[in-house]
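# Notes for the structure review
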Amino acid sequence: MTDKLDAASLRQRLAALPQWHIEAGDAAIRREYLFADFPQAFGFMAQVALHAERLDHHPEWFNVHRRVDVRLTTHDAGGVTERDIALARHADDVHARLVRDPSA
Ligand code: HBI
């Protein structure tokens with residue numbers, strides 16, 4: 001199992017993910033995404049969901065209309081691990097691609 005990142009490593013990883021923030025207590029990282037409309041937000045969730053299933057690592061998220069709030073934590077480790085950092089990077093990539101090309 002991947003180990004939970006200590007406070008210093010977590011802050012260092014987040015420096016490369018500027019839109020993400022560390023939840024109070026360090027148990028998770030969070031980001032809010034805003035899309036053009038609901039279908040685009042749902043398309044983002046569908047793409048990230050398929051990747052999450054392949055990784056066997058799943059997000060906690062909340063969607064209203066064109067907004068998706070994502071919370072990442074590794075339940076098995078009781079905190080944030082490299083698996084969360086990798087999923088955050090992937091979600092950012094999917095978001096960037098959709099913003100660039102809404103049909104992607
Ligand atoms: N997703 N975020 C997250 N954290 C986990 O610990 C986790 C998961 N998805 C699947 C999973 N663990 C399983 O591998 C275990 O619960 C068996």
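Here we summarise the structure given alongside this text.

The rules we used
- Residues numbered from 1 in each chain as written.
- Predicted model: local features only at pLDDT ≥ 70, side-chain atom pairs only at ≥ 80, totals over all residues.
- Heavy atoms only, no water.
- Salt bridge = Lys/Arg side-chain N within 4 Å of Asp/Glu carboxyl O.
- Helix = DSSP H or I, 4+ residues; strand = E, 2+ residues; numbered from the N terminus.
- Buried < 20%, exposed > 50% of the residue type's maximum accessible area, 1.4 Å probe, protein only.
- Pairing = 2+ DSSP bridges.

Evaluated as defined, the whole model comprises 8 salt bridges. R31 is paired through a salt bridge with D92; the nearest N and O atoms lie 2.7 Å apart. A residue pair is termed long-range when its members are at least 10 positions apart, and R31 in strand β2 (residues 29–34) and D92 in helix α3 (residues 82–100) qualify at 61 residues. Taking relative accessible area as the criterion, D92 reaches 15% and is therefore assigned buried. One connected set of salt bridges, linked through shared partners, spans E23, R30, E60 and R71.

With that out of the way, let us pick up unusual backbone geometry. Although it is not a glycine, D56 adopts a positive phi angle of roughly 55°. Within the secondary structure, D56 is located in the loop between α2 (38–55) and β3 (60–64). Even without glycine at this site, H65 takes up a positive phi of about 50°. Looking at the element boundaries, H65 is found in the loop between β3 and β4 (67–72). With a relative accessible area of 53%, H65 lands in the exposed category.

The next point concerns the sheet that holds β2. Sheet strands associate in pairs through backbone hydrogen bonding, adopting either a parallel or an antiparallel arrangement. With antiparallel pairing, 4 strands are arranged side by side in an open sheet as β1-β2-β4-β3. Edge positions in the open sheet fall to β1 (21–22) and β3, since each of these has one partner strand only. Where β3 meets β4, 5 bridges bridge the pair, whose relative direction is antiparallel. In the strand pairing of β4, E60 is matched with R71.

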